Amino acid sequence: MIRQPIRRLVAAVLALLLAAFANLRAGDTAIASAVDTCKQVCESLKAANKRAHYVFLLDVSHSMHDRQLGNLYERAIGIMRHTLAFMTPEDHVTIITFSDKPSVGRQGPLGDSPDLALRGLPKSADGSNDVNLGLAIDQAITAAEADDDAAATTLLLITDSLHLPLPESKYPFRDGRKWDELRSRAEALGAGRLLAFYAGLRANSDAALMRSVIPDAADFAVKSPGYAQRLVATTRDSMARSLLLEEADGVVSVSWPRDEVLDNIRMGRNVFPVIFRNRSKYLPITVHELRITVTGGKAAAYPSADRLTLQPNASETIDVTLEWPAGPASMAPSDIETINETLEITGRFDSPYLSEVESLGVSKNWHLDDASQMVRGSVELGHPRIWGIGTGLAIVITLALLILFRRRPKLIGRLKAGGAGESTSSFGEVYLEGRKIRVPGSGRHLASLPGTAVIRGTRKPGIRPRLDLLEITFSPTRDGKRRVIAECEPNSSVIINGVEFRWDADIQPPNMRDLIRSQR
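Quick look at the structure, then. As the structure is a prediction and not an experimental result, all values here were calculated from the model.

Across the five residues that make up strand β7 (residues 251–255), a large majority, four, are buried. Pairing between β7 and strand β14 (residues 367–369): three bridges, direction parallel. Bridge pairing in β14 places valine 252 opposite leucine 368. Here β7 runs beside strand β8 (residues 268–278); their pairing, made up of four bridges, is antiparallel. Paired with serine 253 across the two strands is arginine 277, which belongs to β8.

Quick look at the structure:
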């Protein structure tokens, strides 16, 4: 009967031990996961050259040398040594010892061994009994302000003391104007870039005064497993977060061609390069579903690729094709079609490290900068060249006709034909009209003319509009051979091939009836 309760007690103890061991393993796994995430963000994103800054505030007042509590000073040194072991050699370490006033000890890169950073510390806590936590935190803020290259700064206060400053101190109490100024200086360093932890080695210490300056300061909890890894992992998270906050916009800039290209769009297919630049220092960015919209609907545009991966601070170029079907040709002399549209590039953003970025609680506002651009152009759909050539031909023809008509004026007067010399034979007469007469003609004038003749008018050089001469082309045969051309002045005669032609320029033709009668 007694053995059964004992067995139950042993089983319960073993269960508690197993649960504690499991929680310990789970805590170690969570810490390792946090460290891996920071390593991936800081190293994979090419930010490994960035470093953290750790500022230790070590209490060296006389109370730290308390044998009843197991020499708190040696315990504090052990906490620091354990924490330094998880830092990288590039991380900077500042150690400030304090009691009634602070003293800056070692400053600089950690190096390969934690013990190098602890050299020069007092061998024991030999400070006074007066402790000024305000001055100590003030000195730590000053050290953080002086280091502009650190991606994150972590303060660690280790003390067992109360805030007991000397008279006339700037921090006579646990609050006041000077504490408010300290808080403002800490806030000015930037959200997420300044972390703080405190370790109170006595239950009634004022270590939590760190929260008066940095409200998010956390208890270092040195009695819990993995406290050193947790501090370093939190700092690495903060460092990665601060690096990403520097470029919270995640901007991809767009560079378009020169204005002379975009202001001279041609009808049909236009191809020009567009440059995308990732202005992020650390994050590769992928732009999915690249699209180009054109306002107005006169044209259509599309990129040569719908997906673009941009490495940090790098550029990629794609070709943009703009199709402008300006319309069918017009028969008008001039029909100009213009385009004045806006191209806008859109896309969906992603990054291979998006999950890591989100795990750090960083909200990214990725967008394209200068994603819109105006394009302009014009095209002639009419036929100004054809119309110009046609107009020119019309002018030439008109001028030629004017010259021809001017050179061949209208005929006037009467032309008689008869035998030359002593011959009294008459071949008849014809009243001149029109610009050319062929005889014998259909009206039977000069029907008995022994041959054929063509009568035209002509002008002498100059601008006189009147008829000056008759040009008579006469052939003594009906087949037009042996033609002779002669000119006859007004009211005079000319003999051609034995026929005398007389031109009476001043005689007007009779009325129609008399004209018909004279030609019978």
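For the rest of this paragraph, the subject is the nonpolar core. Within the largest apolar cluster, 36 residues are counted, with the highest numbers of intra-cluster contacts made by Phe56, Leu84, Met87, Val93, Ile158 and Phe220. Counting residues per element, the ones that place at least two in this core are β1 (52–59), α2 (72–84), β2 (92–98), α3 (114–118), β4 (152–159), β5 (194–200) and α7 (227–245). Residues contacting phenylalanine 56, with those up to four places away along its chain left out, are Met80, Thr83, Leu84, Met87, Val93, Thr94, Ile95, Ile96 and Leu156. Residues Leu308, Ile318, Trp366 and Val375 belong to the second largest nonpolar core, which totals 34 residues.

The next subject is the environment of proline 165. Relative to the helices and strands, proline 165 is located in the loop between β4 and α5 (177–188). In this structure, the C-alpha to C-alpha distance between proline 165 and asparagine 132, residues 33 residues apart in sequence, is 4.5 Å. When near neighbours in sequence (up to four residues on either side) are disregarded, proline 165 contacts Val131, Asn132, Tyr171 and Pro172.

This brings us to the packing of aromatic side chains. The full count for this structure, using the stated rule, is four aromatic pairs. Between phenylalanine 220 and tyrosine 227, the ring centres sit 5.2 Å apart and the planes meet at 85°, which makes this aromatic pair edge-to-face. One exposure class covers both phenylalanine 220 and tyrosine 227, and it is buried. An aromatic cluster of three or more residues is present, and its members are Phe197, Phe220 and Tyr227.

Turning our eyes to something else, we now look at a nonpolar patch on the surface. Taken together, Ile389, Leu393, Ile397 and Leu401 make up a surface patch of nonpolar side chains, about 380 Å² in accessible area. Relative to the assigned elements, leucine 393 resides in helix α10 (residues 384–407). Exposure remark for leucine 393: the relative accessible area of 51% places this residue in the exposed category.

On to the side chain of aspartate 147. Within the fold, aspartate 147 resides in the loop between α4 (133–146) and β4. Take aspartate 147: its relative accessible area is 11%, and that puts it in the buried class. Within the local environment of aspartate 147, its side chain forms a polar contact with the side chain of arginine 51, the two groups lying 2.7 Å apart. There is a polar contact of 3.5 Å between the side chain of aspartate 147 and the backbone nitrogen of alanine 150. Not counting residues up to four positions away in its chain, the partners in contact with aspartate 147 are Arg51, His53 and His92.

This part takes up the pattern of salt bridges. This structure, assessed with the given rule, holds 20 salt bridges. The salt bridge involving arginine 81 is made with aspartate 115; its shortest N-O contact spans 2.6 Å. Of this pair, arginine 81 sits in helix α2 while aspartate 115 sits in helix α3, and the two are 34 residues apart along the sequence. Relative accessible area serves as the criterion here: at 44%, arginine 81 is assigned to the partly exposed category. Looking at aspartate 115, the relative accessible area reads 34%, which means it is partly exposed. In this structure, arginine 279 and aspartate 369 form a salt bridge, with 3.5 Å as the shortest nitrogen-oxygen distance. One end of the pair, arginine 279, is in the loop between β8 and β9 (285–294); the other, aspartate 369, is in strand β14, with 90 residues separating them in the sequence. Using a relative accessible area of 42% as the deciding quantity, one classes arginine 279 as partly exposed. Three or more residues are tied together by salt bridges with common partners; here these are Asp138, Glu145, Lys170 and Arg185.

Remark on secondary structure: sheet strands pair via backbone hydrogen bonds, oriented parallel or antiparallel. Within the open sheet, the four strands sit side by side as β18-β19-β20-β21. Their pairing is antiparallel. Strands with a single pairing partner mark the edges of an open sheet, and in this sheet they are β18 (436–439) and β21 (484–488). Neighbour-to-neighbour, the strand axes of this sheet turn through a mean angle of 20°, independent of strand direction. Direction of pairing for strand β19 (residues 452–458) relative to strand β20 (residues 469–475): antiparallel, over a ladder of seven bridges. Paired with glycine 457 across the strands is leucine 470, a residue of β20.

Conventions and cut-offs
- Residues numbered from 1 in each chain as written.
- Predicted model: local features only at pLDDT ≥ 70, side-chain atom pairs only at ≥ 80, totals over all residues.
- Heavy atoms only, no water.
- Buried < 20%, exposed > 50% of the residue type's maximum accessible area, 1.4 Å probe, protein only.
- Helix = DSSP H or I, 4+ residues; strand = E, 2+ residues; numbered from the N terminus.
- Pairing = 2+ DSSP bridges.
- Core = buried A, V, L, I, M, F, W, Y, C linked by side-chain atoms within 4.5 Å.
- Contact = heavy atoms within 4.5 Å.
- Phe/Tyr/Trp six-rings, centres within 6.5 Å; stacked < 30°, edge-to-face > 60°.
- Patch = residues over 30% accessible without salt bridge, like charges linked within 9 Å, V, L, I, M, F, W, Y side chains within 5 Å.
- Areas by Shrake-Rupley, 256 points an atom, 1.4 Å probe, with all protein chains shown as cover.
- Salt bridge = Lys/Arg side-chain N within 4 Å of Asp/Glu carboxyl O.
- Polar contact = N/O pair within 3.5 Å; in protein donor to acceptor, adjacent residues only side chain to side chain.
- Axes fitted to C-alpha atoms, helices over the stretch in contact; angles between N-to-C directions.

Geometric values such as these leave the question of function open.
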